[in-house]
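So you can see what is in the structure, the chains are spelled out below.
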Amino acid sequence: HMKLLNSANYGVPQKRERVIIVGVRKDLGKRWSYPEETHNKDGSNGKKKWISVKDAIDDLKDLPENKAGLQHIYTAHSADFLEKIKKTPIGKSVNPKYSEAFYRCDPNGPSNTVKENHGGVFIHYEKHRVMTPRELARLQSFPDNFKFEGSKSNILVQLGNAVPCGLSQALAKQINTLF
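I will try to describe carefully the structure that is included in this document. (Residues numbered from 1 in each chain as written. Predicted model: local features only at pLDDT ≥ 70, side-chain atom pairs only at ≥ 80, totals over all residues. Heavy atoms only, no water.)

When helices and strands are counted, the protein chain shows five helices and four strands. In sequence order, the protein chain lays out its α and β elements as β-β-β-β-α-α-α-α-α. Projecting the C-alpha coordinates of the protein chain onto the three principal axes gives extents of approximately 65 × 35 × 30 Å. With 179 residues in all, the protein chain has 43% of them scored as buried. A fraction of 52% describes how many contacts in the protein chain between residues 6 or more apart in sequence connect residues 24 or more apart. Only carbon and sulfur atoms are counted for the fraction: they give 52% of the accessible area of the protein chain, which is about 10200 Å². Here the protein chain contributes 29 positive and 19 negative side-chain charges, whose respective centroids are spaced 4 Å apart. (Helix = DSSP H or I, 4+ residues; strand = E, 2+ residues; numbered from the N terminus. Buried < 20%, exposed > 50% of the residue type's maximum accessible area, 1.4 Å probe, protein only. Contact = heavy atoms within 4.5 Å. Areas by Shrake-Rupley, 256 points an atom, 1.4 Å probe, with all protein chains shown as cover. Lys, Arg positive; Asp, Glu negative; His and termini not counted. Charge placed at Lys NZ, Arg CZ, Asp CG, Glu CD.)

Next up, the structure:
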C-alpha cells in the first residue's frame, strides 16, 4: 500500500509530505489502513485545526541560549546578513534564488518542510535571526526532553533528515493494530 501523508494532518506544526509504503504479508490475513487524520487546515469535519508555527515555538523566542539542556542555540549573524534578515518579509527567503533556505515562516500556519539546507534554516517569524535547533525540533514535533547528539551543525542534519514524531507515532499506532 502506498499513500502520500502530510504531517500537518497528524498534529505536526509542519507541512511535510512523505510517501509511506506499507507491506503486509497476505498469509497473515490482516488488512492495512492508514491512520485517520486528526487535523486539517481549518479544523472542519470534526478535526482539529493545524498547529501553527507560533503555537509550537512562541514560548521560546525570548529565552536565553541553553546549549546543553534545551539545545536552544543561537546563531551569530554578520551585520550585513542581519540587515538582509530584517528586510525579509514573512513568506519570503533572504535570498530569492533559494526559496527554502533562510525562509521567514508564517506564524499562523504550519511551517514548510524542515530541511538542514547546510545551515540555511528558517528565519524566525518575529525575531531577526534563524531558528534555533530546539525551535526546529518543535516543528518536527520532538519533545523538549529529547537530546540530540553532536555539534549544532550535526543536530541540524539530524533534524532535516528526521520523520516528524507525530507522523511516526500515528503510523506506529496503526501498525500496532495489526498485531
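A few words on the nonpolar core. Among the nonpolar cores identified, the biggest contains 26 residues, and Val53, Ile57, Phe122, Met131, Leu136, Leu139 and Leu159 are the most heavily contacted of them. At the level of elements, α1 (53-57), α2 (79-86), α3 (133-139) and α4 (152-161) are the ones that each hand at least two residues to this core. What Leu159 contacts, discounting residues up to four positions off in sequence, is Arg16, Val114, Pro133, Leu136, Ala137, Gln140, Phe142 and Phe148. (Core = buried A, V, L, I, M, F, W, Y, C linked by side-chain atoms within 4.5 Å.)

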